[in-house]
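# Chains, contacts and geometry: an overview
The residues making up each chain are set out below.
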Number of protein chains: 2
Amino acid sequence: MSLVIVGSVAFDTIETPVARKERIVGGSCTYSALAASFFTRPKIVAVVGEDFPKETAAFLKKRHIDLKGLTIIPGGKTFFWEGRYGDDPNQRDTVRLDMNVFSDFRTELPASYRAPDILFLANIGPDLQEHILAQVKRPRLVAMDTIRFYIENQPEALDRVLRKVDIYFANDEEARLLTNEKNLIRAGRSLLDRGPRLVVLKKGEHGVFVFGADFTFGLMAHPCEGVVDPTGAGDSFAGGFLGYLDKIGNLRASTIRRAAVYGSAMASFTIEDFGIERFKSITPSEIEARFAQFKKLVSF
Amino acid sequence: MSLVIVGSVAFDTIETPVARKERIVGGSCTYSALAASFFTRPKIVAVVGEDFPKETAAFLKKRHIDLKGLTIIPGGKTFFWEGRYGDDPNQRDTVRLDMNVFSDFRTELPASYRAPDILFLANIGPDLQEHILAQVKRPRLVAMDTIRFYIENQPEALDRVLRKVDIYFANDEEARLLTNEKNLIRAGRSLLDRGPRLVVLKKGEHGVFVFGADFTFGLMAHPCEGVVDPTGAGDSFAGGFLGYLDKIGNLRASTIRRAAVYGSAMASFTIEDFGIERFKSITPSEIEARFAQFKKLVSF
């Protein structure tokens, strides 16, 4: 099986109630590829500037992430985001955003990327998502994520992409915005009519709902006593979820439920440290232990 | 086994996005006794005025609720609350509150109430909670609930009661306020140090956490597509929870987990209609079916 992930690789400056960190590596592609790398060998598609740290590239390679689709723009500057979190980890303010090399990124996929089993169109513009989608032979599974900005500014392009994907990952705010439904359950289910076979609603500290045609799965978030940095939790969730699906190779409801647990496990690790730090120490047995903790948490 | 519930019996005027209802019967004692009545035969302690409808008293009796502890004040007016909900069912504004006969309610328990297995001190002032507690032979289990008003205005009396109870039911706002902890998991666990053996954190549409000395249980709320009236959900949860414990008669972790599921089931019925309406049609097989739905929802 193979998983291609398209998204952002970025520098983030992050302020949380715990501390402030300047220009640490982040981005939707980075987080989801790292999370997926504990289950499969993801190939990434992204763009960075010449300022991107060689140590990070080396770390991604060490995690068996394929960087053939990572474009480095000579003299360019990597995408930059600055955000601030208050006491509610589900809420954040964007302080600054510099698209830099990302602003008009269009790419031709390497030949080895053009027949993936799973394609994940992470948080990038819907036009770029379509541009990538047009370059691959129909994968077994296409998943997508988006953000408020594209829902508000490119609703038609977004609707076109939604009709072409199998899984849509949204957080609660995005789902409500896109459907104009206040009730989250109705919002989630109504998104199934827009194209995807599966809608995954991420509620942050309140857990996740997965809506399928014939089942709904709900999972509490791991009870975390100290969120250090919520950044990348949703991307790590998606990466763990899709990485596990790629490893198992089927889409049975039971597999999807377990994928959501592995996704939640990866998200729960991510928030324990700033940026991608936590990925440097996670072990497979820690992941299995957390899976078992989820089982204990919700069983009755 | 036997369960005594002390709390308010009230008239509520309720406005939700669905409709407005004037002076319908509500109150923490009413909701929790009705929810408990599907598992055991609760005895209630409360006070009403002469304006309290005979049909409601008849309905409570039909549900095998013991009304010997219900004081009717001749010429008195029943406690009245008016509240308004917006789109978020977890948020409400109190528009008006008339304590009426409740304002200086002190009561002597009937002899048949003085040796309960379980005593539930629902949402009433901590002084009254202590006054009741002093009249019973040490029950196997004492549970309590409170509201923001008492946390802010009678913190010392509240702390005394907390030290004497086994189970504390709180919603997320109350838990944060009482502990000064922003993180809900830390808030819940730290409440265990204040006295109770079990802390039950009700998160409304986001489900419930139960914290014990050696386990944590988390349950998603029933995925409800249309909340008609959120009033009484928390009280119905507590009633179903304690009613089930009274029926089963032990406090094993597995029993407590199931009690939380039955509590959530009762809360999920309550919000499907205004006030106590839904209790008029619930059947035992509906409750078992909802229990099974919860199992399906969260299993992996």
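Residues numbered from 1 in each chain as written. Chains lettered and ligands numbered in written order. Predicted model: local features only at pLDDT ≥ 70, side-chain atom pairs only at ≥ 80, totals over all residues. Heavy atoms only, no water.

### What to know about the interface of chain B and chain A
Listed by partner, the interface residues are 32 residues for chain B and 32 residues for chain A. Interface area, chain B with chain A, both sides summed: about 3,100 Å², of which 57% is carbon and sulfur. When the area that chain B buries against chain A is broken down by residue, the three leading residues are M220, E225 and F300 of chain B, summing to 29%. Counting across the interface, chain B meets chain A through 4 salt bridges. Taking the shortest distance from any N to any O, the salt bridge between K182 of chain A and D87 of chain B comes out at 3.4 Å. The interface formed by chain B and chain A contains 20 residue pairs in polar contact (both at pLDDT 80 or more). Broken down by secondary-structure element, the contributors of at least two residues to the side of chain B that touches chain A are helix 7 (184-191), strand 12 (208-211), strand 13 (216-219), helix 9 (253-270) and helix 10 (284-298) of chain B. At 6 residues, the largest contribution of residues to the side of chain B that touches chain A is made by helix 10 of chain B. Here the residues of the side of chain B that touches chain A are counted per class, giving 15 nonpolar, 6 polar and 11 charged. (Contact = heavy atoms within 4.5 Å. Buried area = accessible area lost by both parts, 1.4 Å probe. Salt bridge = Lys/Arg side-chain N within 4 Å of Asp/Glu carboxyl O. Polar contact = N/O pair within 3.5 Å; in protein donor to acceptor, adjacent residues only side chain to side chain. Helix = DSSP H or I, 4+ residues; strand = E, 2+ residues; numbered from the N terminus. Nonpolar A, V, L, I, M, F, W, Y, C, P; charged D, E, K, R; others polar.)

### Brief notes about the side chain of S2 of chain A
As for its position among the elements, S2 of chain A is in the segment before strand 1 (3-6). Setting aside its immediate chain neighbours within four residues, S2 of chain A contacts K43, A115, P116, D117, I118 and D246 of chain A.

### Re the relation of the copies chain B and chain A
For the pair chain B and chain A, the best superposition has an RMSD of 0.0 Å and corresponds to a rotation of 180 degrees with a translation of 0.0 Å parallel to the axis. Such a combination of rotation and displacement between the chain copies is what one expects of a two-fold axis. Of all interface residues in chain B, 100% are interface residues in chain A too; the two copies therefore contact each other through one and the same surface. (Least-squares fit on C-alpha atoms with pLDDT ≥ 70 in both.)

### Here we look at the sheet that holds strand 8 (residues 118-121) of chain A
All names here are of chain A. Read across the open sheet, the 9 strands follow the order 5-4-1-8-9-10-11-12-13; overall the sheet is mixed. Every interior strand has two partners, whereas the edge strands, strand 5 (66-73) and strand 13 (216-219), have only one. Averaged over all pairs of adjacent strands, the angle between strand axes in this sheet comes to 15 degrees, irrespective of strand direction. With 4 bridges connecting them, strand 11 (residues 198-202) and strand 12 (residues 208-211) associate as antiparallel partners. Pairing of L201 across the sheet is with F209, part of strand 12. The strands touched by helix 1 (residues 28-36) within the sheet are strand 1, strand 4 (43-49) and strand 8, with strand 1 carrying the most contacts at an inclination of about 160 degrees. (Pairing = 2+ DSSP bridges. Axes fitted to C-alpha atoms, helices over the stretch in contact; angles between N-to-C directions.)

### So, helix 8 (residues 233-248) of chain B
Turn by turn, an α-helix covers 3.6 residues, leaving residues three or four places apart pointing in a common direction. All names here are of chain B. An ideal rise of 1.5 Å per residue puts 22 Å on 16 residues; helix 8 measures up with 22 Å between its terminal C-alpha atoms. With 12 of 16 residues buried, helix 8 is to be regarded as a mostly interior element. Listed as buried for helix 8 are D235, S236, F237, A238, G239, G240, F241, L242, G243, Y244, L245 and D246. Where helix 8 terminates, the next one or two residues include G249, which has phi positive at roughly 80 degrees. (Expected span 1.5 Å × (residues − 1). Buried < 20%, exposed > 50% of the residue type's maximum accessible area, 1.4 Å probe, protein only.)

### Structural notes on the nonpolar core
The biggest cluster of nonpolar side chains holds 217 residues, and the ones touching the most others in it are F241 and L242 of chain A together with F241 and L242 of chain B. For L242 of chain B, the residues in contact, after removing those within four places along its chain, are L3, I118, F120, L141, A143, I167 and F169 of chain B. (Core = buried A, V, L, I, M, F, W, Y, C linked by side-chain atoms within 4.5 Å.)

### Considering the packing of helix 6 (residues 172-179) of chain A against helix 7 (residues 184-191) of chain A
When two helices pack together, their arrangement is captured by the angle between the axes and the distance separating the axes. All names here are of chain A. Across the interface, helix 6 lies against helix 7 with an axial gap of 9 Å and an inter-helix angle of 70 degrees. With respect to each other, helix 6 and helix 7 are oriented roughly perpendicular. For the crossing formed where helix 6 meets helix 7, the hand is left-handed. Each of D172, A175, R176, L178 and T179 in helix 6 lies in contact with helix 7, whose residues at this interface are L184, A187, S190 and L191. Partitioning the contact of helix 6 with helix 7 into residue classes produces 5 nonpolar, 2 polar and 2 charged. (Parallel < 35°, antiparallel > 145°, perpendicular 65-115°, else oblique. Left-handed = near helix turned anticlockwise from the far one by under 90°.)

### Comments concerning helix 10 of chain B
Over its 15 residues, helix 10 of chain B extends 22 Å from the first C-alpha to the last, a length consistent with the 21 Å expected when each residue adds 1.5 Å. Packed against the buried residues of helix 10 of chain B are strand 12, strand 13, helix 9 (253-270) and helix 10 (284-298) of chain A together with strand 13 and helix 9 of chain B.

### A few points about the pattern of salt bridges
Taken as a whole, this structure holds 48 salt bridges over all chains when the rule is applied. Measuring nitrogen to oxygen at the nearest pair gives 3.3 Å for the salt bridge that ties R138 of chain A to D166 of chain A. Here R138 of chain A, found in the loop between helix 3 (126-133) and strand 9 (141-145), pairs with D166 of chain A, found in the loop between helix 5 (155-164) and strand 10 (167-171); they are 28 residues apart in sequence, far enough to count as distant. For R138 of chain A, a relative accessible area of 56% corresponds to the exposed category. When the shortest N-O distance is used, the salt bridge between E286 of chain B and R278 of chain B registers 2.6 Å. One network of salt bridges, with partners in common, ties together E15, R20, E22, E82 and R84 of chain A.

### Observations regarding the pairing of strand 5 (residues 66-73) of chain B
Residue and element names in this part refer to chain B. Taken together, the 6 bridges between strand 4 (residues 43-49) and strand 5 define a ladder with parallel strand orientation. Note that in strand 5 the partner of A46 across the bridge is L70. What joins strand 4 to strand 5 is helix 2 (residues 54-62), and the crossover it makes is right-handed. (Right-handed = clockwise from strand over helix to strand, strands pointing away.)

### As for the confidence of the model for chain A
For chain A, the average pLDDT comes to 96, and 100% of its residues sit at 70 or higher. For this predicted complex, the interface score ipTM comes out at 0.93, alongside a pTM of 0.95. (pLDDT = per-residue confidence, 0-100.)

### Examining the sheet that holds strand 2 (residues 10-15) of chain A
Residues and elements named next belong to chain A. Within the open sheet, the 4 strands sit side by side as 3-2-6-7. Their pairing is mixed. Each end of this open sheet is capped by a strand with a single partner; those strands are strand 3 (20-26) and strand 7 (92-98). The sheet shows a mean angle of 20 degrees between the axes of neighbouring strands, direction not considered. Of the pairings in the sheet, the one linking strand 2 to strand 3 comprises 5 bridges and is antiparallel in character. Opposite E15, over in strand 3, you have R20 as the bridge partner.

### Observations regarding the pairing of strand 8 of chain A
All names here are of chain A. Here strand 8 shows no split at all, with I118 and F120 on one side and L119 and L121 on the other all buried. Relative to strand 8, strand 1 runs parallel, the two being bridged by 4 bridges. Within strand 8, the residue paired with I5 across the bridge is F120. In the sheet, strand 8 pairs with strand 9 via 4 bridges, with the strands oriented parallel. Bridge assignment links L121 to a residue of strand 9, and that residue is M144. A crossover connection joins strand 8 to the parallel strand 9 through helix 3; in handedness this β-α-β unit is right-handed.

### A word on the packing of aromatic side chains
Within the structure shown, the criterion is met by 32 aromatic pairs over all chains. Between F169 of chain A and F241 of chain A, the ring centres sit 5.4 Å apart and the planes meet at 90 degrees, which makes this aromatic pair edge-to-face. Of this pair, F169 of chain A sits in strand 10 while F241 of chain A sits in helix 8 (residues 233-248), and the two are 72 residues apart along the sequence. Side by side, F169 of chain A and F241 of chain A carry an identical accessibility label, which is buried. Note on F102 of chain B and F105 of chain B: the rings are 5.9 Å apart at their centroids and 40 degrees apart in plane angle, and the pair reads as tilted. You can call F102 of chain B buried: its relative accessible area is 8%. Of the aromatic side chains, those joined through ring pairs into one cluster are F39, F217, Y244, Y262 and F291 of chain A together with F300 of chain B. The cationic tip of R23 of chain A hangs over the ring face of F11 of chain A; the distance from NZ or CZ to the ring centre is 4.3 Å. Positioned above the aromatic ring of F59 of chain A is the side chain of K280 of chain A, whose terminal nitrogen or guanidinium carbon lies 5.8 Å from the ring centre. (Phe/Tyr/Trp six-rings, centres within 6.5 Å; stacked < 30°, edge-to-face > 60°. Lys NZ or Arg CZ within 6 Å of the ring centre and 35° of its normal.)

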